[in-house]
Amino acid sequence: MKTWRTRLQVKTSKDYYRTDEINIRKGIFQGDKLSTLWFCLAINFLSKLLNESSYGYVIEKNTNVKINHLLYIDDLKLFAANEEQLLRQLKIVTSFTRTIRMELGIDKCAVVHVKRGKLSEGDTMMIQDDFGIQTLTHGDTYKYLGVQQGMEIRTNEARETFKYKFLNRFKKILQANLNAKAMNTAISSWAIPCLSYSFGVVKWTASDLKTLDIQTRKLPTRHGMHHPNASVNRLYIPRKDGGRGMQSIESIHHTVVKDMREYFRSKDLPFYKALSKEDQNITALNMASEHYTVQHPTTEELTEVWHNRALHGRYPAALKKRSIDKERSVKYLQSGYLFPTTEGRLAAIQDQVVATRSYQKNILGKNLTGDRCRKCSRAPETIQHVTSSCPVLAPREYTDRHNAMAKVFHQAISLKYGLINTSKKIHEYLPREIQENDEVKVYWDHPLTTDRPLAHNRPDIVVFKKREAKAIIVDITVPADDNAEKAYTEKVVKYQDLAFELKELYRLANITILPLVITTSGLIEVHLMENTTRLGLEERLIEDAQKEVILWTTRIVRRFLMSE
């Protein structure tokens, strides 16, 4: 504690003030885990004093099980059989707090008198001449652990309070311009806890929870983070499985209630047994019941429904193919570096619910004159056509996407062999057509001269290793999701003749063809990791290349739809 210190600083439009170092000589930090532990160690003596007293309210007469207080950090609730007992308990509390130099928040304290199950009015309870606690009357409430209470919890009022606070925080997070990972973290750690805190304490009906889930889904839709026709099930599937990783309020509720029931019912102590026996649908836990049945879909059931959809299921079906590296294909979802709007747009592309002419005419049933592509008029305007097959988009948009992915690997190769000294952002990087030093010679999109003319003599990247008399042909392709395996094989076959000619011409000991394949929606072809390693490059480049492809695909689709 002798090392604790701080500085205070204030910045205005004109000036900047900063104090000298201030040593913290006493006290404890708020929000610090160790300080909370210290506080609990000190305050727990009060719990011991109250437990050792004979005061309390009997909840089980046969076994004489009593309850005389509930204590959570610094929030205390006392239970007594009558006013005299309560007064004596209060004197224990006041004596203890004065001893440890702690003050009671009298303005937050209240007394409730209950006789035969009904609220009874009474005068202010005076502990000393200048120290009194107000008594609640009919209609009054007090807050204990964040919940307004009187004789009992006012369920409707409490639900509305928790719901308002949750939705308010949820909206603020959506407006905070966070990336997908930070947004999910904020929702999980800041928004959901203020709602799940009530689960097991406040009763929530199934319809309440379903309605809240619907409200929660509507908000990202309004902010452009989820397409209204995209898969709802996918929202609640974990990101490692290709989902969006949202938490279902209904699922969280049932998990919390189930865990709390198991906790109370597993305790082999008279107090817990008495509570469980008496709770016949009094609380949300309903502990007297032997069984707790939950009617909500599991992650496995949600995944199965998503996979079985005609349109929504095409992306997860492609993920399961042996030609696709599933783990790396969904890495962008787990990393969460995309902005939620971009991620939502990509999910709509993958779910094939983008408003192309084919989708509007054949799925939504709109009265369109035709479903031909607005650019080329040659084929139906499907999302596959827009992202990978339109001849009008090929010369520029598809080429720019292809080159963005290729530049990731070219820059890494150039850095590895010392051909360049500094790394640049991909959109700023301009590869030179030929680079050379004593170790290697690297070609970028350059035609290679051979003894006999070849139709395919211009790979994206060619690396000649001079000392080893070896060469590597690197070619990049961004096919449709269904064509990853076919595209890989075609690239190998395409450059076989060139590889043979170069080997003979330059008397090479070895020449390798390494196709690098990432599909239009970001699926990683299964050989990409192996080929990246064979180039002597780091695995992280795959994620960088995938990001470039994803950003370009969403950009292409957005521009295409705006060109109507």
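Further up the page is the structure itself.
Residues numbered from 1 in each chain as written. Predicted model: local features only at pLDDT ≥ 70, side-chain atom pairs only at ≥ 80, totals over all residues. Heavy atoms only, no water.

Draft legend 1. Quick peek at the nonpolar core. Among the nonpolar cores identified, the biggest contains 49 residues, and Met405, Phe409, Ile413, Ile461, Val463, Leu516 and Leu535 are the most heavily contacted of them. Phe166, Leu167, Ala191 and Phe199 belong to the second-largest nonpolar core, a separate cluster that totals 24 residues. (Core = buried A, V, L, I, M, F, W, Y, C linked by side-chain atoms within 4.5 Å. Buried < 20%, exposed > 50% of the residue type's maximum accessible area, 1.4 Å probe, protein only.)

Draft legend 2. Structural detail: a nonpolar patch on the surface. A cluster of nonpolar side chains, contributed by Met1, Leu34, Leu37, Trp38 and Leu41, occupies part of the molecular surface with about 490 Å² of accessible area. Checked against the element boundaries, Met1 lands in the segment before strand 1 (5-6). (Patch = residues over 30% accessible without salt bridge, like charges linked within 9 Å, V, L, I, M, F, W, Y side chains within 5 Å. Areas by Shrake-Rupley, 256 points an atom, 1.4 Å probe, with all protein chains shown as cover. Salt bridge = Lys/Arg side-chain N within 4 Å of Asp/Glu carboxyl O. Helix = DSSP H or I, 4+ residues; strand = E, 2+ residues; numbered from the N terminus.)

Draft legend 3. Representation of the packing of aromatic side chains. Applying the stated rule across the entire model yields ten aromatic pairs. With a centroid separation of 6.0 Å and 90° between ring planes, the pair formed by Phe199 and Trp204 is classed as edge-to-face. Overall, Trp204 belongs to the buried group, its relative accessible area being 9%. On the numbers, 5.7 Å between centres and 80° between planes, the contact of Phe271 with Tyr272 is edge-to-face. Assessed through its relative accessible area of 18%, Tyr272 is described here as buried. Here a set of aromatic residues connected by ring pairs shows up, and it is made of Tyr263, Phe264, Phe271 and Tyr272. For the cation-ring pair, Lys416 lies above Tyr417, with the distance from its terminal atom to the ring centre recorded as 5.4 Å. The ring of Trp552 is capped by Arg555, whose NZ or CZ atom sits 4.6 Å from the centre of that ring. (Phe/Tyr/Trp six-rings, centres within 6.5 Å; stacked < 30°, edge-to-face > 60°. Lys NZ or Arg CZ within 6 Å of the ring centre and 35° of its normal.)

Draft legend 4. Spatial organisation of unusual backbone geometry. Of note in the backbone geometry, Asn281 takes a positive phi value of approximately 60° without being a glycine. Examined against the element boundaries, Asn281 turns out to sit in the loop between helix 9 (270-278) and helix 10 (299-308). Residue Asn281 is classed as partly exposed on the basis of its relative accessible area of 49%. The backbone of Asn286 shows a phi angle near 45°, a positive value even though the residue is not glycine. In this structure, Asn286 sits in the loop between helix 9 and helix 10.

Draft legend 5. The pattern of salt bridges, seen in detail. Applying the stated rule across the entire model yields 25 salt bridges. Residues Glu250 and Lys210 are paired through a salt bridge, measuring 3.4 Å at the closest nitrogen-oxygen approach. A residue pair is termed long-range when its members are at least 10 positions apart, and Glu250 in helix 8 (residues 249-266) and Lys210 in helix 6 (residues 206-222) qualify at 40 residues. Glu250 sits in the buried class, given a relative accessible area of 8%. As a salt-bridge pair, Arg328 and Asp325 come within 2.7 Å of each other at their nearest N and O atoms. Note on Arg328: relative accessible area 21%, which makes it partly exposed. One network of salt bridges, with partners in common, ties together Arg239, Arg244 and Glu343.

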